[in-house]
Amino acid sequence: AAPPAPAPPTPPMAPSAVALGVYPRGPGTPPAGAAAAGMQVGGMAGFGTPLGMGVGTYGSYGMASSSSSSSENSAGEAASTIDQALSIAATLNPLAICQELVVSFVIVIVLLMMWKHQDRVLMVLTGDDRIHGTFGDFTWWGCCRCCGLCNWNWTRCFMSLPCCPSSIRGTNAVKLLGAAVGVATHTIELSNIVIGDLPYRGNGTFYITVECSANPPMRTSVTEPKPPKVVHFPEVMTVRMRESPLENAVKISVCELDVVGSTELCELRLTPVNMVAWARDPEISVKRFAMQVCDRNRNTVTPPWIAMEFQFPINDIRQLESLHNDTWTVRTATWTGNDAVGTYQDKDIVDFKHEYALVDTGGNLVQEPDESDIRTVTTCRICVRRSTRLTGCCSVLVVILVFFARAYFSSCYGHFYALTQVLGADGKEGATGKWNESQPISYAYLNAIENNCEEQVGGMEIKDGTHPCRPSFRQVNMTCEHLPAAQKEPLAFRRVAEALLGEAGTPLTCIPHVCTYYSMLEEHQTSILVGSGMLLIFSLFVLGPLLNHMVELYRRERIHLHNSMVKNMRMVTMAGGSSDQAPLITNKNRR
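Quick one: what's the story with the pattern of salt bridges, residue by residue and with numbers?
The full count for this structure, using the stated rule, is 20 salt bridges. Where Glu 552 meets Arg 381, a salt bridge forms, and the shortest distance between an N and an O atom there is 3.0 Å. Taken together, the residues Glu 552 in helix 15 (residues 514–574) and Arg 381 in helix 11 (residues 371–423) connect sequence positions 171 residues apart. Looking at Glu 552, the relative accessible area reads 18%, which means it is buried.

This is the structure:
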């Protein structure tokens, strides 16, 4: 028999076919091992060896094709990069860039100068050289006084009991606690003030300036021409500061009054923490501090100094720190002898005004409304303001409670909803089939089922109760009311607590019948929110203006009656009658 004819050689495949990994199958196809060797040698992962091409040949071909394609790609990227650079360079405008740099530099310089001379900038903008508010002020006003709604003066009733120490008797308990933690202010008296060795030649008229916190500067009286060796001041200066490291240092300056302006000679800066500590120490009576000379070019034989005494308010005979600020009490004091001791008397403002008549600069009597009418009008306005605030606060509080209850009920309802998806309802299987109710369900499994259901039926608008992934409220409520004993009681805000606090977080327990409450809130929450908003608008724009208008009408009526009484008194006096007949005429005019 004639031998079989040899098979014709298979021509090598094109590079595109090699790249696609398509090879003809037939006799002579290299085994898988050769193809793998071709992959390793050629360096082209995922490509086999073409039929009729040796391993070494294909490896060389693969390397050549790879190097050629990479060189073409790098050349193309370089060309595109050069084109982009040329296009960017063509759009650049050196003059515009220089202008922007100059403008930015000028803006930075102006901002730096404004920050350095911020007192002058504030003087131009506001008419004052400082902002009268610090971080401590906002903390005390916002957190401790509830944005100015509470002053806690009712605590003075408890602090006035005989069992309280005399040093804190009658004070505001909340303010006392705030001062102890560095939020409220302490009251410190600076007395026995003496300065000496001032850097000044000849006699001068000196005075002292004290700058504390964000308050306006306080100044002593200007002395008569005194030698700079020793100068005494009779004042007792009262400063209020917070015992906090965040509080600015108290600046004490000694100035000499000139014909035009004044010259600051020396200054001293003390921290409020140290000043409060010195005031607490009863063994420290007077402290003397070295002051810093303002003019560094001046040579001094000895450094200037200032001596003063730090005390809590003990020099005020009226004891104003313990006075309850009810706006209707006037406290005056009477000094006896030369020992600066005396007693104080509290008078009602009505009696005080009757005892001390109001006069002008010439000593002539000035007519003023009756204090009883003023008190009535003021009390009415306070009641209107507080009632309006109370109504607004109640409306806002209702809205906050509704949102919190909505979040709480929704969190619990969502947990029962996921449990219903797994357990099923009405005898039907859940989203994963029949679940053994005696087996507890983990939180991770519930999350996985929720995500799976969302991927399956999300956006399909399936009616509730027709699919295990979309249970109805009735089915969820059945799970809520008859939770299997093996299942753990759901917790509210579990994910939030885990995200914020980790395992240390303790979520809230869901109350019984929470699904029913969720349905009730879902049904009435719109009405509650709309009603709260309407009540807030009514109190702000209807009730408040109406009540204020009524108070204003009452005030005008009382002023008219008072003017009629004064007019009748004058008529009776001019007619030679008694002033006791004036009220009769007033009542007649009233009728």
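Read on for the rest.
Could you give an account of the confidence of the model for the protein chain, naming the residues involved and the relevant values?
For the protein chain, per-residue confidence averages 81 on the pLDDT scale, and residues scoring 70 or more make up 83% of the total. Confidence scores differ between elements of the protein chain, with helix 1 (residues 15–20) showing the lowest mean pLDDT of 38 and strand 2 (residues 206–211) the highest of 96. Every residue in residues 581–591 scores below 50 in pLDDT, and together they form twelve contacts with partners more than four places removed in sequence or on other chains.

So what's going on with the state of the cysteines? Which residues, and what values?
Simply put, disulfide is the name for a covalent bond between the sulfur atoms of two cysteines. Scanning the entire structure with this criterion turns up two disulfides. Between the sulfur atoms of Cys 453 and its disulfide mate Cys 469 the distance is 2.2 Å. Where Cys 453 bonds to Cys 469 through sulfur, the torsion about that S-S bond is close to -65 degrees, and the disulfide is left-handed. Taken together, the residues span a long stretch of sequence, with Cys 453 in helix 12 (residues 443–457) and Cys 469 in the loop between helix 12 and helix 13 (473–481) at a distance of 16 residues. Assigned by exposure class, Cys 453 and Cys 469 land together as buried. When the cysteines engaged in disulfides are numbered in sequence order, the protein chain pairs them as 1-4, 2-3. Lacking any disulfide linkage, Cys 163 is separated from the closest cysteine sulfur, that of Cys 164, by 4.5 Å. Classification of Cys 163 by relative accessible area gives exposed; the value is 67%. The thiol of Cys 266 is unpaired, and the distance to the nearest cysteine sulfur, on Cys 294, comes to 6.4 Å.

Go over the layout of surface pockets, please, and point to the residues and values.
In this model, the largest pocket occupies a volume close to 1,500 Å³. In terms of residue class, the lining of the largest pocket is built from 15 nonpolar, 15 polar and eleven charged.

Residues and numbers for the pairing of strand 2, please.
Strand 2 sits mainly inside the fold: five of its six residues count as buried. In this structure, strand 2 lies alongside strand 6 (residues 250–257), joined through six bridges in antiparallel fashion. Bridge assignment links Thr 209 to a residue of strand 6, and that residue is Ser 253. In terms of strand pairing, strand 2 meets strand 3 (residues 218–219) through two bridges, oriented antiparallel. Paired with Val 210 across the strands is Met 218, a residue of strand 3. Hairpin connection from strand 2 to strand 3: six residues lie between these consecutive antiparallel strands, with Ser 213 at a positive phi of about 55 degrees.

Thresholds, definitions, all that
- Residues numbered from 1 in each chain as written.
- Predicted model: local features only at pLDDT ≥ 70, side-chain atom pairs only at ≥ 80, totals over all residues.
- Heavy atoms only, no water.
- Salt bridge = Lys/Arg side-chain N within 4 Å of Asp/Glu carboxyl O.
- Helix = DSSP H or I, 4+ residues; strand = E, 2+ residues; numbered from the N terminus.
- Buried < 20%, exposed > 50% of the residue type's maximum accessible area, 1.4 Å probe, protein only.
- pLDDT = per-residue confidence, 0-100.
- Contact = heavy atoms within 4.5 Å.
- Disulfide = S-S within 2.5 Å.
- 1 Å grid on protein atoms, 1.4 Å probe; cavity = no way out; pocket = protein on both sides within 12 Å on 5 of 7 lines; lining within 4 Å.
- Points joined across faces, edges and corners; volume = space filled by probe spheres on them.
- Nonpolar A, V, L, I, M, F, W, Y, C, P; charged D, E, K, R; others polar.
- Pairing = 2+ DSSP bridges.

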